[in-house]
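Listed below are the residues making up each chain.
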Amino acid sequence: VGRQAAREGIDALKEEAAADRAKLEASMAEMKNEWSGELSKLEDDRDLWRTFAEAQRQLSEAASQPEILATFMKLSEPFADRLGLYVVKGDGLSLWKSKGKGAFPEIISKETTDPESYFRILSVRGKTVGAVCAAPAFKAQALDFLASCLERAIEVFGMNLKTPLPRAANTKS
């Protein structure tokens, strides 16, 4: 009888240990999934900040206004499925280029945009120079940052155009 009870006790302990091990493995798998999700989010954030850091440099290195605008379009790709970039022509904002599926209107204003869309006027020294419009899905904070970088790049580019090149010193004696 003693051996039978001991065997039953051992079997019960083995079953309990197996159940505890299964709970532990399930808990570890859940924690691993959570960690993977957190790691993915951190990697996405790192890529976002890297893009933001690179954006300012890339926009400032552009040699012309069309190149500045094209660089902005490229930088904004991860943050907007559909994007339209507008420039001032005459009295309105005229479509310069767009990307993504779907059409953007040729002329736009804040009053004519879809309320679900992203719309931001680009302003340099208090003067409207363009606008950015994005249809859902978009990341507004990222587009705001890039639009601010674009405004600064346009302003600096304009200032560089107005600054005369230094003349070479007259070496004749």
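Above: the structure in question.
On a predicted model such as this, the values are computed, not experimentally measured, just so you know.

Cut-offs applied
- Residues numbered from 1 in each chain as written.
- Predicted model: local features only at pLDDT ≥ 70, side-chain atom pairs only at ≥ 80, totals over all residues.
- Heavy atoms only, no water.
- Helix = DSSP H or I, 4+ residues; strand = E, 2+ residues; numbered from the N terminus.
- Salt bridge = Lys/Arg side-chain N within 4 Å of Asp/Glu carboxyl O.
- Buried < 20%, exposed > 50% of the residue type's maximum accessible area, 1.4 Å probe, protein only.
- Pairing = 2+ DSSP bridges.
- Phe/Tyr/Trp six-rings, centres within 6.5 Å; stacked < 30°, edge-to-face > 60°.
- Lys NZ or Arg CZ within 6 Å of the ring centre and 35° of its normal.
- Disulfide = S-S within 2.5 Å.

Overview of unusual backbone geometry
Residue A137 is reached from P136 by a cis peptide bond, and omega for that bond is 10°. Relative to the elements of secondary structure, A137 occurs in strand 5 (residues 127-138). The backbone of R125 shows a phi angle near 55°, a positive value even though the residue is not glycine. Inspection of the secondary structure puts R125 in the loop between strand 4 (118-124) and strand 5.

Remarks on the pattern of salt bridges
On inspection of all chains with the given rule, the structure shows 9 salt bridges. Between E54 and R57 there is a salt bridge; the shortest N-O distance is 2.3 Å. Of this pair, E54 and R57 both sit in helix 1 (residues 2-61), 3 residues apart, which is roughly one turn of the helix. One salt bridge connects R125 with E155, and the closest N-O pair in it is separated by 3.0 Å. Of the two residues, R125 sits in the loop between strand 4 and strand 5 while E155 sits in helix 3 (residues 140-162), which places them 30 residues apart along the sequence. On the basis of relative accessible area, R125 is assigned to the exposed category, the value being 62%. Here E155 falls in the partly exposed class, since its relative accessible area comes to 27%. The network of salt bridges with common partners includes R46, D47 and R50.

Some thoughts on the sheet that holds strand 5
Taken in spatial order, the 5 strands line up as 3-2-1-5-4 in an open sheet, and their pairing is antiparallel. Among the strands making up the open sheet, the edge pair consists of strand 3 (107-108) and strand 4. Relative to strand 3, strand 2 (residues 92-99) is paired through 2 bridges, and the arrangement is antiparallel. Bridge pairing in strand 3 places S94 opposite I107.

Details of the packing of aromatic side chains
Within the structure shown, the criterion is met by 4 aromatic pairs. On the numbers, 5.5 Å between centres and 90° between planes, the contact of W49 with F52 is edge-to-face. In this pair, W49 and F52 both sit in helix 1, 3 residues apart, roughly one turn of the helix. According to the relative accessible area criterion, F52 is buried, its value standing at 7%. Here a set of aromatic residues connected by ring pairs shows up, and it is made of W49, F52, F79 and F145. Between R82 and the ring centre of F104, over which it is positioned, the NZ or CZ distance is 5.9 Å.

Quick look at the state of the cysteines
Inspection of the entire model under this criterion finds 0 disulfides. C133 takes part in no disulfide bond, and the closest cysteine sulfur to it belongs to C149, at a distance of 20 Å. The class of C149 is buried, set by a relative accessible area of 3%.

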